[in-house]
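# Observations on the model geometry
Here are the chains, one letter per residue:
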Amino acid sequence: MARRNEAFGLGEVVICLTDLQQRRLVALTEGLATLDIDASVAGWCYRTVSLRIEDADTGVLCLWLPVVDGAERLGVLGVRTRSVDAVRLRRCRMLTGIVAMAITSKRAYSDSFARRARVERMQLPVEMLRAFLPPRTIGNAHVVSTAVLEPAYEIGGDAFDHSLTQSTLHAAILDAMGHDLASGLTTSVALAGCRNARRAGAGLLDLVGTIDQALAQWLPDKFCTGILTQLDLASGVFRWCNCGHPPPVLIRDGRVVDGALERTAQPPIGLPARFSDDPRAVHEMPLEPGDRVLLHTDGVTEARTAGGGEFGMDRFTDSIILATAAGELAAESLRRRLIHSILDSEDSDLRDDATMLLVEWWPPAVKPAQPAAHMG
């Protein structure tokens, strides 16, 4: 890295990656301070995915640039310099791109990044399940799918999946019965069945059928709830199959559209293959430009309050409205305004896995609105 910085004519460089819960930016170099994402200039850069310049010392500036892999935020890169011009800024951006590629290529087989991203030891079921999860955020100029999963070190059976082709976004959320290693195994088999069918070109019905049969064959005493979805990127037609899961939430113009995606409940995944020959039902609805669809597990609304009651759907809906009103990127709305607001609430206690996946769509003919920058 030092030789590359010298070749680029840059000063001291620091690389900071986000921790597992996206609360801190942790430097890859030992001994450097950890930065709070919600209370630092570097964190502002991460939250807004934009350049930020900070007065580091007398006569010295620090340029903070976001390190991203496609739509996924990995962290930030800081460069200390005495002046900024177009050439130096271009070189900083080039270096950031190189860093992103290096991290993405190496983190699959290097433990260094995982160790830096953790603040406590992870339980075995979580270790197994997280090995199967895709990146937190995927997308392009017109669609984004972003997800969070809590508690980060103690989950039992929640998972999410998403994949993007030229024409379709595939997204799914799953919640297995129980909270142990067997639950994680159930979800892992369901994820494998989902991907196996999807990569073979299966439609939603065949995809769910593949998971039903896989669980019935390999884990006959286990089942999971879930929602499997497909979004046509050109038309905005959203198709979904709800298997015993809380219904998706439609967010339009900053408001939750009550009951828009509620349909008659179907059996959980794994049960129909054993007890029923009735076909699954696939529902569809055309989205409007800028619509967001939120999938979530029941651990979100069933978090306990200090008074012993549940967090509840009403408070969850209020959180969604506030998150959308902030005008932030979809990934930031989910991270800060939804999951962290619930986790950090003084009168809520997460007793179950809580997973959320948020999809935002803009048609090819419409340019997505630019989110507002927030210092926080």
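Above this text sits the structure in question.
Predicted model only: the values in this text are computed from it and were never measured. (Residues numbered from 1 in each chain as written. Predicted model: local features only at pLDDT ≥ 70, side-chain atom pairs only at ≥ 80, totals over all residues. Heavy atoms only, no water.)

This part is about the sheet that holds strand E16 (residues 292-296). Read across the open sheet, the six strands follow the order E7-E8-E19-E16-E13-E14; overall the sheet is antiparallel. Two strands lie at the open edges of the sheet, namely strand E7 (137-139) and strand E14 (255-257), each paired on one side alone. Within the sheet, the average angular offset between the axes of one strand and its neighbour, ignoring direction, is 20 degrees. By the bridge criterion, eight bridges tie strand E8 (residues 143-150) to strand E19 (residues 354-361) in an arrangement that is antiparallel. (Pairing = 2+ DSSP bridges. Helix = DSSP H or I, 4+ residues; strand = E, 2+ residues; numbered from the N terminus. Axes fitted to C-alpha atoms, helices over the stretch in contact; angles between N-to-C directions.)

This brings us to helix H2 (residues 41-48). By the criterion of burial, H2 is predominantly enclosed, with seven of the eight residues buried. For H2, the full list of buried residues reads Ala-42, Gly-43, Trp-44, Cys-45, Tyr-46, Arg-47 and Thr-48. Directly after H2, the chain includes Val-49, whose backbone phi takes a positive value near 50 degrees. (Buried < 20%, exposed > 50% of the residue type's maximum accessible area, 1.4 Å probe, protein only.)

Attention now goes to the nonpolar core. Ile-211, Leu-228, Leu-231, Leu-261 and Ile-269 are the most contacted members of the largest nonpolar core, which has 47 residues in total. Discounting chain neighbours no more than four positions away, the residues touching Ile-269 are Leu-174, Ile-211, Asp-212, Leu-215, Phe-223, Cys-224, Gly-226, Leu-228, Cys-243 and Arg-280. In terms of nonpolar packing, the next biggest core, distinct from the first, is built from 17 residues, Val-256, Leu-294, Ala-323 and Leu-334 among them. (Core = buried A, V, L, I, M, F, W, Y, C linked by side-chain atoms within 4.5 Å. Contact = heavy atoms within 4.5 Å.)

Let us look at the pattern of salt bridges. Where side chains of opposite charge bring their charged atoms close, a pairing between them can arise. Under the criterion given, the structure shown has 15 salt bridges. A salt bridge links Glu-360 to Arg-292, with the shortest nitrogen-to-oxygen separation between them at 2.5 Å. One end of the pair, Glu-360, is in strand E19; the other, Arg-292, is in strand E16, and 68 residues separate them in sequence. Of the residues examined, Arg-292 reaches a relative accessible area of 9% and is grouped as buried. One salt bridge in this structure joins Arg-335 and Glu-332, with 2.7 Å as the shortest N-O distance. Here the residue Arg-335 and the residue Glu-332 both occupy positions in helix H11 (residues 330-343), the gap between them amounting to three residues, near one helical turn. For Arg-335, a relative accessible area of 0% puts it in the buried group. The exposure class of Glu-332 is buried, given its relative accessible area of 1%. Salt bridges sharing partners connect three or more residues here, namely Asp-38, Arg-73, Glu-332 and Arg-335. (Salt bridge = Lys/Arg side-chain N within 4 Å of Asp/Glu carboxyl O.)

Applying the stated criterion to the full structure yields one aromatic pair. A cation sits over an aromatic face here: Arg-52 above Trp-44, 4.8 Å from the ring centre. (Phe/Tyr/Trp six-rings, centres within 6.5 Å; stacked < 30°, edge-to-face > 60°. Lys NZ or Arg CZ within 6 Å of the ring centre and 35° of its normal.)

Looking now at the layout of surface pockets. Counted as a void, the largest pocket has a volume near 970 Å³. Around the largest pocket, the lining is made up of 33 residues, and of these Leu-20, Arg-107, Ala-114, Arg-118 and Arg-130 lie nearest the centre. Secondary structure elements with two or more residues in the lining of the largest pocket: strand E1 (13-18), strand E6 (72-81), helix H4 (111-117), helix H5 (124-130) and E8. Looking at the lining of the largest pocket residue by residue, the classes come out as 18 nonpolar, five polar and ten charged. (1 Å grid on protein atoms, 1.4 Å probe; cavity = no way out; pocket = protein on both sides within 12 Å on 5 of 7 lines; lining within 4 Å. Points joined across faces, edges and corners; volume = space filled by probe spheres on them. Nonpolar A, V, L, I, M, F, W, Y, C, P; charged D, E, K, R; others polar.)

Turning our eyes to something else, we now look at unusual backbone geometry. Cis geometry marks the peptide bond from Glu-150 to Pro-151; its omega dihedral reads -5 degrees. Position of Pro-151 relative to the elements: it lies in the loop between E8 and strand E9 (158-164). Positioned with a positive phi, Gln-22 is a non-glycine residue whose angle comes to about 55 degrees. With a phi angle near 55 degrees, Asp-253 is a residue other than glycine that sits in the positive phi range. Assignment of secondary structure puts Asp-253 in the loop between strand E13 (249-252) and E14. For Asp-253, a relative accessible area of 66% gives the class exposed.

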